[in-house]
Amino acid sequence: MTTASAGAPAPAASAPATSATSPVLPTSARASADATRGAGPRVRRRVGLAWLGLTPFAAYVLLFLAVPAVIAVGSGFFTDAGAFTLANLAAFADPSVLRAFGGSFGLSAVSAVIGAVIGALVCWALSALRPDGLVRSMIDSAASVLAQFGGVMLAFAFIATIGVQGLVTTWLVSLVDVDRNATGAFLYTVPGLVIPYVYFQVPLMVLTFMPALEGVKTQWGEAAATLGASRATYWRRIALPVLAPAFWGSLLLLFANGFSSFATAAALISQGGIVPLTIRTQLTSETLIGLQNVAGVLAFGMVVVMAVVMGAYSLLQRRAARWQR
């Protein structure tokens, strides 16, 4: 009869035999591995179905946005005979084209600044209301609708209000003998377009800037007050620097919105003055002698401006998003 040596543990009789090449996994690990292997085909199927669901939208973007944009911009680099040329870029030196770009820049900048300031003040007032309250819900809904309210309807509304024979114009003449249109129809000029443009710039600012203002945490103000900071110091040193990227980003978005708007201006102004109307004039009648496909050249200029503006907007939004996480 043999005995185990002192201090040596007895081998377990029920220990299963294992292969040297097959590691023993815990039960939970084996279950996780089996689930992963089984879920792989299902995940791939879901991804495939997701891409299939995007096909109609991708086709729409390709056919109605990408292809027309490429054709419009690319036409500026070809002659009517189809030969590639860079001579058409000389249109950017034409005084009428420079005036059109200057008018678009001025109109977009002024309407964007006014809309951004008024919209920011509206957002600040709305921040004191309950997010789920009736007044807040009504204003949010109105902003969503009015931000898209433009074109002929908006032009007619302002013609009937402050046009030559508009309701407000008639009242001002009869009550205080003030006629803003005495020296010309102000509404039908490029500076007069600022008024209807601000109408849809303000609600757009409310929609884009309100989420950033809601991202300012009340704990920041409480912490600043605990450290002895006044309300003005809190806004100057904490809140405004945090909100600055979102504000400037929204301002750039408003500029891009005004720069690309066409329908309202086309309903009020028959001639050029801004780039979209100049493109329309070039499509209907070539006015620059010696140059071809000037409309495509102007479209190329607008695309460059919009790319720069939206690139800067993307950078500012990325910076603002850090404080909204």
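Here, the structure is the one placed above.
For the structure given in this document, a descriptive report is provided here.

Scoring rules and cut-offs
- Residues numbered from 1 in each chain as written.
- Predicted model: local features only at pLDDT ≥ 70, side-chain atom pairs only at ≥ 80, totals over all residues.
- Heavy atoms only, no water.
- Core = buried A, V, L, I, M, F, W, Y, C linked by side-chain atoms within 4.5 Å.
- Buried < 20%, exposed > 50% of the residue type's maximum accessible area, 1.4 Å probe, protein only.
- Helix = DSSP H or I, 4+ residues; strand = E, 2+ residues; numbered from the N terminus.
- Contact = heavy atoms within 4.5 Å.
- Phe/Tyr/Trp six-rings, centres within 6.5 Å; stacked < 30°, edge-to-face > 60°.
- Salt bridge = Lys/Arg side-chain N within 4 Å of Asp/Glu carboxyl O.
- 1 Å grid on protein atoms, 1.4 Å probe; cavity = no way out; pocket = protein on both sides within 12 Å on 5 of 7 lines; lining within 4 Å.
- Points joined across faces, edges and corners; volume = space filled by probe spheres on them.
- Axes fitted to C-alpha atoms, helices over the stretch in contact; angles between N-to-C directions.
- Parallel < 35°, antiparallel > 145°, perpendicular 65-115°, else oblique.
- Left-handed = near helix turned anticlockwise from the far one by under 90°.
- Polar contact = N/O pair within 3.5 Å; in protein donor to acceptor, adjacent residues only side chain to side chain.

**Structural notes on the nonpolar core**
So, step 1. Membership of the largest hydrophobic core comes to 41 residues, with the highest contact counts inside it found for Phe209, Val275 and Leu298.
So, step 2. At the level of elements, α3 (95–126), α7 (194–214), α9 (231–260), α11 (275–284) and α12 (294–321) are the ones that each hand at least two residues to this core.
So, step 3. Considering every element that reaches this core, the biggest residue donor is α9, with nine residues.
So, step 4. Ignoring sequence-local partners within four residues, the contact set of valine 275 consists of Ala100, Phe101, Ser104, Leu298 and Met302.
So, step 5. If you look at the next biggest cluster of nonpolar residues, it comprises 16 residues, including Ala155, Leu193, Tyr197 and Leu268.

**Some thoughts on the packing of aromatic side chains**
So, step 1. Counting across every chain of the model gives 14 aromatic pairs.
So, step 2. On the basis of an interplanar angle of 80° and a centroid distance of 5.7 Å, the ring pair of phenylalanine 78 and phenylalanine 84 is categorised as edge-to-face.
So, step 3. Measuring from centroid to centroid gives 5.9 Å for phenylalanine 255 and phenylalanine 259, while their planes differ by 15°, and the two rings are stacked. Linking phenylalanine 255 with phenylalanine 259, this pair stays in helix α9, spanning four residues, or about one helical turn.
So, step 4. Cluster of aromatic residues (ring-pair linked, three or more members): Phe77, Phe78, Phe84 and Phe300.

**Topic: the pattern of salt bridges**
So, step 1. What the rule picks out here adds up to three salt bridges.
So, step 2. Put simply, aspartate 140 and arginine 136 hold a salt bridge, and the shortest N to O gap is 3.3 Å. You can see aspartate 140 and its partner arginine 136 sitting in helix α4 (residues 134–146), four residues apart, about one turn around the helix.
So, step 3. Assessed through its relative accessible area of 26%, aspartate 140 is described here as partly exposed.
So, step 4. Across the salt bridge formed by glutamate 214 and arginine 136, the nearest N and O atoms sit 2.1 Å from each other. Note that glutamate 214 is positioned in helix α7 and arginine 136 in helix α4, a separation of 78 residues in sequence.
So, step 5. Counted as one network, the salt bridges with shared partners bring together Arg136, Asp140 and Glu214.

**Examining the layout of surface pockets**
So, step 1. By volume, the largest pocket is sized at about 350 Å³.
So, step 2. Lining the largest pocket are 16 residues, and of these Ser127, Leu213, Val216, Thr218 and Arg231 sit closest to its centre.
So, step 3. Within this model, the second largest pocket holds a volume of roughly 210 Å³.
So, step 4. In terms of lining residues, the second largest pocket is bounded by Ala120, Leu121, Trp124, Phe209, Leu213, Trp235, Leu240, Leu243, Ala244 and Phe247.

**Some thoughts on the packing of helix α5 (residues 152–162) against α7**
So, step 1. At a closest axis distance of 10 Å, the pairing of α5 and α7 adopts a crossing angle of 125°. With respect to their mutual orientation, α5 and α7 come out oblique. The handedness of the crossing between α5 and α7 is right-handed. When α5 is examined against α7, the residues Leu154, Phe158 and Ile162 are found in contact with a partner set consisting of Ile195, Pro196, Tyr199 and Phe200.

**Some remarks on the side chain of threonine 85**
So, step 1. Its place among the elements puts threonine 85 in the loop between α2 (55–74) and α3.
So, step 2. Judged by relative accessible area, threonine 85 falls into the buried class, the value being 16%.
So, step 3. Among the polar contacts made by the side chain of threonine 85, one reaches the main-chain amide nitrogen of alanine 87 at a distance of 3.0 Å.
So, step 4. With near-sequence residues (within four places) excluded, threonine 85 lies in contact with Phe77, Phe78 and Thr79.

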